[in-house]
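Chains, contacts and geometry: an overview
What follows is the residue order along each chain.
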Amino acid sequence: MKNKFLYLTVAIFISGVNITHAADVVYQTPEAPAYDEATIWGGAYIGGQIGYNWATSKLSTGFLNDDLKASPSGFIGGVYAGYNWEFSNAYLFGIEGDVNYADLSKTTNTIISAVNVEYTPRVEFEGAVRARFGVNYDRWLPYIAGGVSFARVKDFVAVTNATSRNSVEQSDTRVGFTIGAGVDYSLTNNLLLRAEYRYADYGKKSFGDGDDDKVKLTTNNVRLGIAYKF
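Residues numbered from 1 in each chain as written. Predicted model: local features only at pLDDT ≥ 70, side-chain atom pairs only at ≥ 80, totals over all residues. Heavy atoms only, no water.

Quick look at the overall build of the protein now. If you tally the helices and strands in the protein, you get two helices and ten strands. Each helix and strand of the protein, placed in order from N terminus to C terminus, yields the pattern α-α-β-β-β-β-β-β-β-β-β-β. The buried share among the 230 residues of the protein stands at 35%. When contacts within the protein are restricted to residue pairs at least 6 apart in sequence, those whose partners lie at least 24 apart make up 64%. (Helix = DSSP H or I, 4+ residues; strand = E, 2+ residues; numbered from the N terminus. Buried < 20%, exposed > 50% of the residue type's maximum accessible area, 1.4 Å probe, protein only. Contact = heavy atoms within 4.5 Å.)

See the structure below:
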């Protein structure tokens, strides 16, 4: 009888140890981290970008019936930085600025009554200050953006006939507006990838001394970027 009681006591003890150990195992199992969207998108960030820019520049003059048109294009690259605010973990508002090296140029020629008119626009750099509005889909952030754009532009015109060649060159910083759309992807909570399209219009600018001479510049570009969020 005593042996049976001893065996029963040992069995109960071993069962209690196993149950306690199992409870410890369940207790120590780590839970999946909560997905905090605000930590991903809210805050300051800085990054770099590259892209391709298609520009269209038109020169209207008093001595030509049609505009002179040139379409410089090429690669651009630069830096951008901004700050995002999130509302209800769904909608985002942000302010962003960027500046990019461009160096786009193109020469077009027109011959009128044995007179050759040469026009060369050059875009040296381009940048903007924009507001952004986006909608948070987990790690994807599609957005629209718009604001003020600026560009450093150099225009060159040369008129050549059989006996002479006259030229005018003008450099200025143009200010206009820009609109665009894109998508950001949160690779990690601190590393953000971007693809974007942007349009900018710099309006008409007086060229040289003639009141009727105007130049107009517009640009279209696509960009890829990568940023670090603090």
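A complete count under the given rule lists ten aromatic pairs for this structure. Taken together, a centroid distance of 4.5 Å and an interplanar angle of 45 degrees make the contact between Trp140 and Tyr185 tilted. Of the two residues, Trp140 is situated in strand β7 (residues 140–160) and Tyr185 in strand β8 (residues 165–186); the sequence distance between them amounts to 45 residues. The exposure class of Trp140 is partly exposed, given its relative accessible area of 46%. An aromatic cluster is defined as three or more aromatic residues linked by ring pairs; in this entry it consists of Tyr52, Trp54 and Phe75. Above the ring of Tyr143, the side-chain terminus of Arg132 is found at 4.4 Å from the ring centroid. (Phe/Tyr/Trp six-rings, centres within 6.5 Å; stacked < 30°, edge-to-face > 60°. Lys NZ or Arg CZ within 6 Å of the ring centre and 35° of its normal.)

So, on to the pattern of salt bridges. Throughout the structure, instances matching the rule amount to 15 salt bridges. Put simply, Arg194 and Glu96 hold a salt bridge, and the shortest N to O gap is 2.8 Å. Here Glu96 lies in strand β4 (residues 91–105) and Arg194 lies in strand β9 (residues 191–206), a separation of 98 residues in the sequence. Of the two residues, Arg194 and Glu96, both sit in the buried class. Residue Asp98 is joined to Arg198 by a salt bridge in which the shortest nitrogen-to-oxygen separation is 3.0 Å. Taken together, the positions of Asp98 in strand β4 and Arg198 in strand β9 put the pair 100 residues apart, joining distant regions of the chain. (Salt bridge = Lys/Arg side-chain N within 4 Å of Asp/Glu carboxyl O.)

All right, on to the pairing of β4 then. When strand β3 (residues 73–87) meets β4, the two strands line up antiparallel, connected through eleven bridges. Along β4, the bridge assignment pairs Gly82 with Glu96. Between β3 and β4, which pair antiparallel one after the other, the connecting turn spans three residues, and Ser88 there sits at a positive phi close to 60 degrees. (Pairing = 2+ DSSP bridges.)

What follows is about the environment of Gly47. Among the structural elements, Gly47 can be located in strand β1 (residues 43–60). Judged by its relative accessible area of 12%, Gly47 is buried. Through-space distance from the C-alpha of Gly47 to that of Leu191 is 9.5 Å; in sequence the pair is 144 residues apart. If we skip the residues at most four places from it in the chain, Gly47 touches Gly78, Val79, Tyr80, Ile226 and Ala227.

Take the confidence of the model for the protein next. Regions with low pLDDT should not have their predicted coordinates read in detail. Here the protein averages 84 in pLDDT, while 80% of its residues score no lower than 70. Confidence drops under a pLDDT of 50 for residues 2–14, and excluding neighbours within four residues, the segment shows zero contacts in the predicted structure. (pLDDT = per-residue confidence, 0-100.)

Turning our attention to a nonpolar patch on the surface. Together, Tyr83, Trp85, Phe87, Tyr91, Phe93, Ile95, Val129, Phe133 and Ile144 make up a nonpolar patch on the protein surface, roughly 890 Å² of accessible area in all. Among the elements of the structure, β3, β4 and β6 (115–135) are those that each provide at least two residues to the nonpolar patch. For Phe133, a relative accessible area of 41% gives the class partly exposed. (Patch = residues over 30% accessible without salt bridge, like charges linked within 9 Å, V, L, I, M, F, W, Y side chains within 5 Å. Areas by Shrake-Rupley, 256 points an atom, 1.4 Å probe, with all protein chains shown as cover.)

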